[in-house]
Amino acid sequence: MSIAIDLVGRTALVTGASQGIGAEIARTLHRAGANVAVNYPDQGGDRPRADAEALAVELNHDRPASACALAADVSRPEEVERLMGRIRSDWGGLDLLINNAGILRDRTVAKMTIEEWKAVLDVNLSGVFHGCKYGLEVLRDGGAIVNVGSLSAEAGFYGQANYAAAKAGVQALTRVLCRECARRNIRVNAVAPGLIDTAMAASIPENVRAEMRRAIPCQRFGLAAEVAAAVLFLCSPLASYVNGHTLRVDGGWRG
């Protein structure tokens, strides 16, 4: 007997979905049958827009009129509010909200600028708050929110004071929201990816990567598809009694 996850008739928004883990989450939810809004920040050149639009074309090729690319800088509440209004007007509302958008500005506390601290907190923590605050206005009862945290929130990686603090905040926010959303039967969970083999991780020097692999019982970096599979589970009826939880996807990290 097989068990299939069927999200047909559901609408999902994935923030920061133009590349990496976000793009793979969008693909995975779409393969399960959901319609997907691919969010990207409309800044920093044309690459995010081009990547997001290419992903929407890819998804629509498999199932016409099932995906779109929508711009919004999640650090700006007015842009997130407009984004949710667009989803309401175009698709009638949301069933699944995946707050994935994030940035890195690694530096030791002594060398970190105030701007680098604020930039990461604004996107990685306030951006999740904005997504949840305005997302709840269009999220249908019985839906699900999945926030993307990080192993860094617990591991305290060197040079990541801003990133670790933001991700720890995301995971705490998740626990609060699961209580506040309970009356609407909206489940709120988080995933905490470990070392995932993305373009961001490719910039880590090989000697450092080798040392990190030794701290992972699985002896390898994870794949974006493995994080996406965890998100799919948390969005599905199979996780109907999982709420306020942060699911680590880190290969058993023991660093």
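Note: the structure precedes this text.
The sections below set out a description of the structure shown in this document. (Residues numbered from 1 in each chain as written. Predicted model: local features only at pLDDT ≥ 70, side-chain atom pairs only at ≥ 80, totals over all residues. Heavy atoms only, no water.)

### Comments concerning the sheet that holds strand β4 (residues 94-99)
Line of reasoning, step 1. Spatial strand order, β3-β2-β1-β4-β5-β6-β7: seven strands in an open sheet with parallel pairing. The open sheet has two edge strands with one neighbour each: β3 (67-71) and β7 (246-249). On average, adjacent strands in this sheet sit at an angle of 20° to one another, irrespective of strand direction.
Line of reasoning, step 2. Bridging between strand β5 (residues 139-148) and strand β6 (residues 187-193) involves five bridges; their strand directions are parallel. Across the sheet, A144 pairs through a bridge with R187, a residue of β6. (Pairing = 2+ DSSP bridges. Helix = DSSP H or I, 4+ residues; strand = E, 2+ residues; numbered from the N terminus. Axes fitted to C-alpha atoms, helices over the stretch in contact; angles between N-to-C directions.)

### Things to note about helix α3 (residues 77-91)
Line of reasoning, step 1. Here α3 spans 21 Å end to end across 15 residues, near enough to the 21 Å set by a 1.5 Å rise per residue.
Line of reasoning, step 2. V80, L83, M84 and I87 are the residues of α3 that are buried. For α3, the buried positions fall inside an angular range of 95° around the axis, keeping them on one side. Of the residues in α3, the exposed ones pointing more than 90 degrees away from the buried face are R82 and S89. (Expected span 1.5 Å × (residues − 1). Buried < 20%, exposed > 50% of the residue type's maximum accessible area, 1.4 Å probe, protein only. Arc of directions from axis to C-beta.)

### Side note on the packing of helix α1 (residues 20-31) against helix α9 (residues 224-235)
Line of reasoning, step 1. The N-to-C vectors of α1 and α9 enclose an angle of 50°; their axes lie 8 Å apart at closest approach. By the angle between their directions, the pair α1 and α9 is classed as oblique. Taken as a pair, α1 and α9 cross one another with a handedness that is right-handed. On the side of α1, the interface is formed by G20, I21, E24, I25, T28 and L29, while α9 contributes A224, A225, V227, A228, V231, L232 and C235.
Line of reasoning, step 2. Of the residues that constitute the contact of α1 with α9, the class distribution is ten nonpolar, two polar and one charged. (Parallel < 35°, antiparallel > 145°, perpendicular 65-115°, else oblique. Left-handed = near helix turned anticlockwise from the far one by under 90°. Contact = heavy atoms within 4.5 Å. Nonpolar A, V, L, I, M, F, W, Y, C, P; charged D, E, K, R; others polar.)

### Side note on the nonpolar core
Line of reasoning, step 1. The biggest cluster of nonpolar side chains holds 35 residues, and the ones touching the most others in it are V14, I25, L29, V36, V38, I98 and V191.
Line of reasoning, step 2. Every element with two or more residues in this core is listed here: β1 (11-14), α1, β2 (35-40), α2 (47-62), β4, β5 and α9.
Line of reasoning, step 3. Excluding residues within four positions of it along the chain, V14 makes contact with G22, I25, A26, L29, V36, A37, V38, N39, I98 and N100.
Line of reasoning, step 4. Membership of the second largest hydrophobic core comes to 26 residues, among which are L13, A37, M84 and V128. (Core = buried A, V, L, I, M, F, W, Y, C linked by side-chain atoms within 4.5 Å.)

### Regarding the pairing of β4
Line of reasoning, step 1. The buried count for β4 comes to six of six residues, which makes it a mostly enclosed element.
Line of reasoning, step 2. Pairing between β1 and β4: three bridges, direction parallel. When the bridges of β4 are listed, A12 appears paired with L96.
Line of reasoning, step 3. When β4 meets β5, the two strands line up parallel, connected through five bridges. Of the residues in β5, the one forming a bridge with N99 is N147.
Line of reasoning, step 4. Chirality of the crossover, the property in question, places the unit of β4, helix α4 (residues 114-135) and β5 among those that are right-handed. (Right-handed = clockwise from strand over helix to strand, strands pointing away.)

### Observations concerning unusual backbone geometry
Line of reasoning, step 1. Non-glycine residue A65 carries a positive phi angle of around 60°.
Line of reasoning, step 2. Of note, A65 is situated in the loop between α2 and β3.
Line of reasoning, step 3. Not every positive phi belongs to a glycine, and Q219 is a case in point at roughly 65°.

### Structural notes on the environment of G251
Line of reasoning, step 1. Of note, G251 is situated in the segment after β7.
Line of reasoning, step 2. Sequence separation between G251 and K118 is 133 residues, and the spatial gap between their C-alpha atoms is 31 Å.
Line of reasoning, step 3. Not counting residues up to four positions away in its chain, the partners in contact with G251 are I216, P217 and C218.

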